[in-house]
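So the chains spell out like this:
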Amino acid sequence: MALSEGLRNLKVAVVDDNEINHKIMCKILYKFLGLNESQVDLFLNGQMCLHALARARYDLILLDIEMPVLDGCQTAIQIRHPRPAILDVNRSIPIIAVTTNAKEHQRQHYLSLGMDAVVGKPIVEPLQFIGLLKCVLAGQKGGE
Ligand SMILES: [Mg+2]
């Protein structure tokens, strides 16, 4: 299955406590990746995302770092470790941090927690971001 075919069924979780960032990310995903509204679920913090991951399969998480209730780092830790109730298929889900805190040492920290890539916010080069997103998805799926 080509990645472009896979994109038709792609299910993405966008996790950010700022609803303006939800809107911006949706615009990018709709315009540059061709996703529709049914393919993108929005969450205001990590806890809400974890609840969703216990119920349904997702293919990608775009994860803010600074959030109330459960921040991005804690969310990634919970996803990668076996304790909380999360579907097994979601354990290895690709996670891209999308954050204003993207200095080199911060990037390294996020990657050490099991995140797959880090993108600085605001996203100024949507096409570059989409390229990275496709790379992460392709890597996860063995280059399908
Ligand atoms: Mg935030």
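Nothing here was measured: the structure is a model prediction, and the numbers come from that model. (Residues numbered from 1 in each chain as written. Predicted model: local features only at pLDDT ≥ 70, side-chain atom pairs only at ≥ 80, totals over all residues.)

## Structural notes on the pairing of strand β2 (residues 40-43)
Consecutive side chains along a regular strand alternate between the two faces of the sheet. Summarising the sheet, strand β1 (residues 12-15) and β2 pair through four bridges and their orientation is parallel. Residue pairing across strands places A13 opposite D41, the latter belonging to β2. After leaving β1, the chain enters helix α2 (residues 19-33) and then returns to the sheet as β2, a path that is right-handed. (Pairing = 2+ DSSP bridges. Helix = DSSP H or I, 4+ residues; strand = E, 2+ residues; numbered from the N terminus. Right-handed = clockwise from strand over helix to strand, strands pointing away.)

## Description of unusual backbone geometry
With an omega of 0°, the peptide bond between K121 and P122 qualifies as cis. By the element assignment, P122 lies in the loop between β5 (117-120) and α6 (126-140). Even without a glycine there, the phi angle at V69 is positive, about 70°. On the secondary structure map, V69 appears in the loop between β3 (60-63) and α4 (72-80).

## What about the UniProt feature "modified residue: 4-aspartylphosphate" (unreviewed entry) in the protein?
Sequence positions flagged by UniProt for "modified residue: 4-aspartylphosphate" (unreviewed entry) are, in local numbering, D64. In this structure, D64 sits in the loop between β3 and α4. Exposure remark for D64: the 26 C-beta atoms within 10 Å place this residue in the buried category. (UniProt positions renumbered as here; feature names shortened; annotations may be inferred. Buried ≥ 20, exposed ≤ 12 C-beta atoms within 10 Å, placed from the backbone.)

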